[in-house]
Amino acid sequence: MIRLKPVFKEMVWGGNRLRTEFGYDIPGEDTGECWAIAAHKNGDCRIDGGKYDGRTLSWLWKNEPALFGRNDGSKEEIFPLLVKIIDAKKDLSIQVHPDDEYAYEHENGAKGKTECWYILDCDPGATIIIGHNAKSHEELEHMISTGNWGGLLREIPIKKGDFFQIFPGTVHAIKGGTMILETQQNSDVTYRVYDYGRLQNGKPRELHIDKSLDVIRAPFDPDAGYERGEALEGSSNEALVRCDPYRVWHIRCNGSGIYRNCMNSFMLCSVTEGEGTVSTDGCSAESVRKGDHFILPYGFESFSLFGDIEMICSAPGGL
Ligand code: ZN
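Residues numbered from 1 in each chain as written. Predicted model: local features only at pLDDT ≥ 70, side-chain atom pairs only at ≥ 80, totals over all residues. Heavy atoms only, no water.

Student: Looking at this structure, I do not really get the sheet that holds strand S9 (residues 115-122). What am I missing?
Tutor: In any sheet, the strands associate via hydrogen bonds between backbone groups, in a parallel or an antiparallel arrangement. Reading across from one edge, S2-S3-S7-S14-S9-S12 is the order of the six strands in this open sheet, with antiparallel pairing throughout. Each end of this open sheet is capped by a strand with a single partner; those strands are strand S2 (7-15) and strand S12 (163-166). Taken pair by pair, the neighbouring strands of this sheet meet at an average axis angle of 25°, ignoring direction. Pairing analysis gives four bridges linking strand S3 (residues 31-37) to strand S7 (residues 81-88), with the strands arranged antiparallel. Across the sheet, the residue bridging to Trp35 is Lys84, located in S7. (Pairing = 2+ DSSP bridges. Helix = DSSP H or I, 4+ residues; strand = E, 2+ residues; numbered from the N terminus. Axes fitted to C-alpha atoms, helices over the stretch in contact; angles between N-to-C directions.)

Student: Help me understand unusual backbone geometry in this model?
Tutor: Residue Pro219 follows Ala218 across a cis peptide bond; omega there is -5°. Residue position: Pro219 is located in the loop between helix H6 (209-215) and strand S18 (237-242). One non-glycine residue, Asn108, lies in the positive phi region at around 55°. Assignment of secondary structure puts Asn108 in the loop between helix H3 (100-106) and S9. One non-glycine residue, Asn201, adopts positive backbone phi at about 50°. Mapped onto the elements of the fold, Asn201 is located in the loop between strand S16 (199-200) and strand S17 (203-204).

See the structure below:
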């Protein structure tokens, strides 16, 4: 098992719950993001312990392809996924991400971003924004240019344990008082549509209205579903989503559990509650606790858990 040390990001909207609830040594009282499993130029996690201690995840991906089941000459040049924990003390900007095709063309070959959110915790009455109410692209442009945010944005109530899939081209925002675990494509391309007129170091943060208008899909279809996929075989667990870039599962283990690796892939695991031990294929167990993030390398058939523990697990390439 490959343990990772998170990278932290201070944000105008961040708070301190990554320390108070997860015990991380965060850089300040406005820490918004914990890049928990990341191999990106803007945040590259280091391996914590073992043979590869201190190496970055990017280094491992490039130099130890067998750990990830990659063939020689594999065309996947970058690590496919990025897992974050987000502490939104205040509202995040209203934003949208491009798809792979648009990002490749307009962002120097970058990946687009499909992402999904598991609500770890939120204040009573908390909401998020997903989608908009414009009936056409013309109406969308009009509502943005006139600043009719109240009419445009589709705000919905949330509670702990909810799950949301955000496809590229979907306007969205996490609102204050919310902690989420985000699983996404390995991309950092965000187009900011609206930032509530806030200032950072005395200046408004940059908006990207033209690119946003290029990629926002209108009208928004709130009923456009996504596939949940199947649960992992074995002990009780729940499939959250299956889409082209990833599959994600929620595991809640009380006592003990065993789970088959249906993807024949490496797996990304984040402990979101409790503590216990993890072992693959009956090998020696390692202790893990809330806030730990690790990768189970390619080639295992099943993993076992002991303890009272909750995890979000994912694997790349869902369909
Ligand atoms: Zn986003």
